[in-house]
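In case you want the letters, here they are:
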Amino acid sequence: MEISPFPFLNQEEISHLYSLFQDIDSNTLATNSNAHLKRRRMDGEEDESGWKKIKSSKNNSVMSDILSSLILLDEEEKQEYQQWAIESQLDKAALDWNHKQKVVAMNDYRSDLEAHFSDLDEMDLTRTKRARRAASEVATAAVVTETALASSESGGPGGGGSGQQQQHRRLWVKDRSKDWWDKCNHPDFPDEEFRKAFRMSKATFDLICMELDSAVTKKNTMLRDAIPVRQRIAVCIWRLATGEPLRLVSKRFGLGISTCHKLVLEVCSAIKNVLMQKFVQWPDEEKMKMIKGEFESISGVPNVGGSVYTTHVPIIAPKVNVSAYYNRRHTERHQKTSYSMTVQGVVDPKGVFTDVCIGYPGSMPDDKVLEESALFKRASRGDLKNVWLVGNSGLPLMDWVLVPYTHQNLTWTQHTFNEKIGEIQRVSKEAFARLKGRWSCLQKRTEVKLQDLPAVLGACCVLHNICEMRNEEMGPELKFDLFDDVMIPENSLRSASAIQARDHIAHNLLHHGLGGTSSI
């Protein structure tokens, strides 16, 4: 509610008030003059001139008192209004401060609540594991006791107790058919059929089993025999290759759904921890020299040490920090709310990953993912001197990152340069298309939790490298059309020396006969 200031008197109202006071004073003076004349007649002390002086002085004093009072009232009203305005500003500031404090308190409360629920989930998971472990121990003790009783009743361990033991074991272990896997694991199974199922040949599969044998082997228990290493790895690779739900994986391999899920995560973690450092390596000087030569033979651009590309893997909306994984570009394209996780990779001319960065949320643009990667830290240390990494227009031009021209009205020189850069960029884009085509689990939202997904993505990259190094072919049915929207960064030119170097390369491509004739 607004409060208007005190309405001060204008000149006309003051004149009217002045005339009114004059009338009142004249009446009063008339009465006083009559009384004064009577006193004059009685006393005879004052004359007519003295009376006029007294009358004039009295009128002036009365009017001055009235005007002084009005001026004082006006001043008091002004001071009160100013005081009210100051108090209103202070009250408003206090209300704003209280509102900000409440917002901060509510945000803190929300964070504490999310942390509390996360702790509760971990406690529930721990409690469930303890309960299962206790139940397993009780079951083991019960089986041992009943086995001992059966043996004693039959007169020895070689009597009829073995059949009874098998009968008790059936109570705890559900029989499932393993015919499909037994057929695939047979030496006479055709290699072409094995390749269709597992996206690799038997020889490559045997190599992976040999490399992971010590990391995934489990010991037998009293309740059941451990799942063989080959079957464990086969469950994981078939799940990654087909992207089928766990219930179908369970039917294929004759295992429980939870067991299959556990095997997939264990084998993916082993692949990432054991094989990544062996099969995903940044090239040494000798290897880098070969890579530069191959890229230069492809495009004519010198000192290119790799092609960079960033793709998105769809995920289910996470429970925590959901806005960070929201993919606005895919949502607008598919008209369906999409969430994703990024995978950035550097590939050599054969499409083999030499560096990968996995796990950043889908809302981050490509240039921000690059800045947060270990590749950026390696370049900041000066490890990428005299090496260009070629990216698309979603990355900025830097001393070690070479990108195409993005402004309009390109010259012939710039157009030729963009074509050659596109040939190098096509190498990494096709490599990511083969990655997603070979491992179909990357094409759709998976059942894997957000915290476990980086291990799965890392395992896919390692398996991709193994297949590419061993020249594993992909059928046309596995072809995947890769699409990722490119966002031009706000600061796309970050190095003056890189601008000059790019212009020099573009000039050489066109004027030294390296640009070909496609742009002419």
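Everything discussed here concerns the structure shown above.
First things first, this report covers the structure right here in the doc.

About the thresholds
Residues numbered from 1 in each chain as written. Predicted model: local features only at pLDDT ≥ 70, side-chain atom pairs only at ≥ 80, totals over all residues. Heavy atoms only, no water. 1 Å grid on protein atoms, 1.4 Å probe; cavity = no way out; pocket = protein on both sides within 12 Å on 5 of 7 lines; lining within 4 Å. Points joined across faces, edges and corners; volume = space filled by probe spheres on them. Helix = DSSP H or I, 4+ residues; strand = E, 2+ residues; numbered from the N terminus. Nonpolar A, V, L, I, M, F, W, Y, C, P; charged D, E, K, R; others polar. Salt bridge = Lys/Arg side-chain N within 4 Å of Asp/Glu carboxyl O. Patch = residues over 30% accessible without salt bridge, like charges linked within 9 Å, V, L, I, M, F, W, Y side chains within 5 Å. Areas by Shrake-Rupley, 256 points an atom, 1.4 Å probe, with all protein chains shown as cover. Lys, Arg positive; Asp, Glu negative; His and termini not counted. Charge placed at Lys NZ, Arg CZ, Asp CG, Glu CD. Axes fitted to C-alpha atoms, helices over the stretch in contact; angles between N-to-C directions. Parallel < 35°, antiparallel > 145°, perpendicular 65-115°, else oblique. Left-handed = near helix turned anticlockwise from the far one by under 90°. Contact = heavy atoms within 4.5 Å.

Focus on the layout of surface pockets
Point 1. Of the volumes computed, that of the second largest pocket is approximately 450 Å³.
Point 2. Around the second largest pocket sit 22 residues that line it, and Pro314, His330, His334, Ser338 and Gln443 are the ones nearest its centre.
Point 3. Elements that contribute at least two residues to the lining of the second largest pocket include exactly strand 1 (304-315), helix 11 (328-334) and strand 2 (339-347).
Point 4. Looking at the lining of the second largest pocket, the element that brings in the most residues is strand 1, giving four residues.
Point 5. When grouped by side-chain class, the residues that make up the lining of the second largest pocket number eight nonpolar, seven polar and seven charged.

Observations regarding the pattern of salt bridges
Point 1. Throughout the structure, instances matching the rule amount to 13 salt bridges.
Point 2. Close ionic contact of aspartate 206 with arginine 230 constitutes a salt bridge, the shortest N to O distance being 2.6 Å. Remark: arginine 230 occurs in helix 7 (residues 229-242) and aspartate 206 occurs in helix 6 (residues 202-216); sequence separation between them is 24 residues.
Point 3. Aspartate 383 is the partner of arginine 381 in a salt bridge, and the nearest nitrogen-oxygen pair spans 3.3 Å.

A closer look at a positive patch on the surface
Point 1. Taken together, the side chains of Lys129, Arg130, Arg133, Lys218, Lys262, Lys319 and Lys449 define a basic patch exposed on the protein surface.
Point 2. A total of three residues in the positive patch trace back to one element, the largest contributor, which is helix 2 (residues 48-154).
Point 3. Looking at the element boundaries, lysine 218 is found in the loop between helix 6 and helix 7.

Some thoughts on the packing of helix 6 against helix 7
For any two helices packed against each other, one specifies the inter-axial angle together with the distance between the axes.
Point 1. Close contact between helix 6 and helix 7 brings their axes to 9 Å; oriented N to C, the two are set at 110°. Compared by their axis directions, helix 6 and helix 7 come out roughly perpendicular. In this structure, the crossing between helix 6 and helix 7 has a hand that is right-handed. Contacts between helix 6 and helix 7 involve Phe205, Asp206, Ile208, Cys209, Leu212, Asp213 and Val216 from the former and Val229, Arg230, Arg232, Ile233, Ala234 and Ile237 from the latter.
Point 2. Residue composition of the contact of helix 6 with helix 7, by class: nine nonpolar, no polar and four charged.

Limitation: the analysis is restricted to geometry and does not speak to function.
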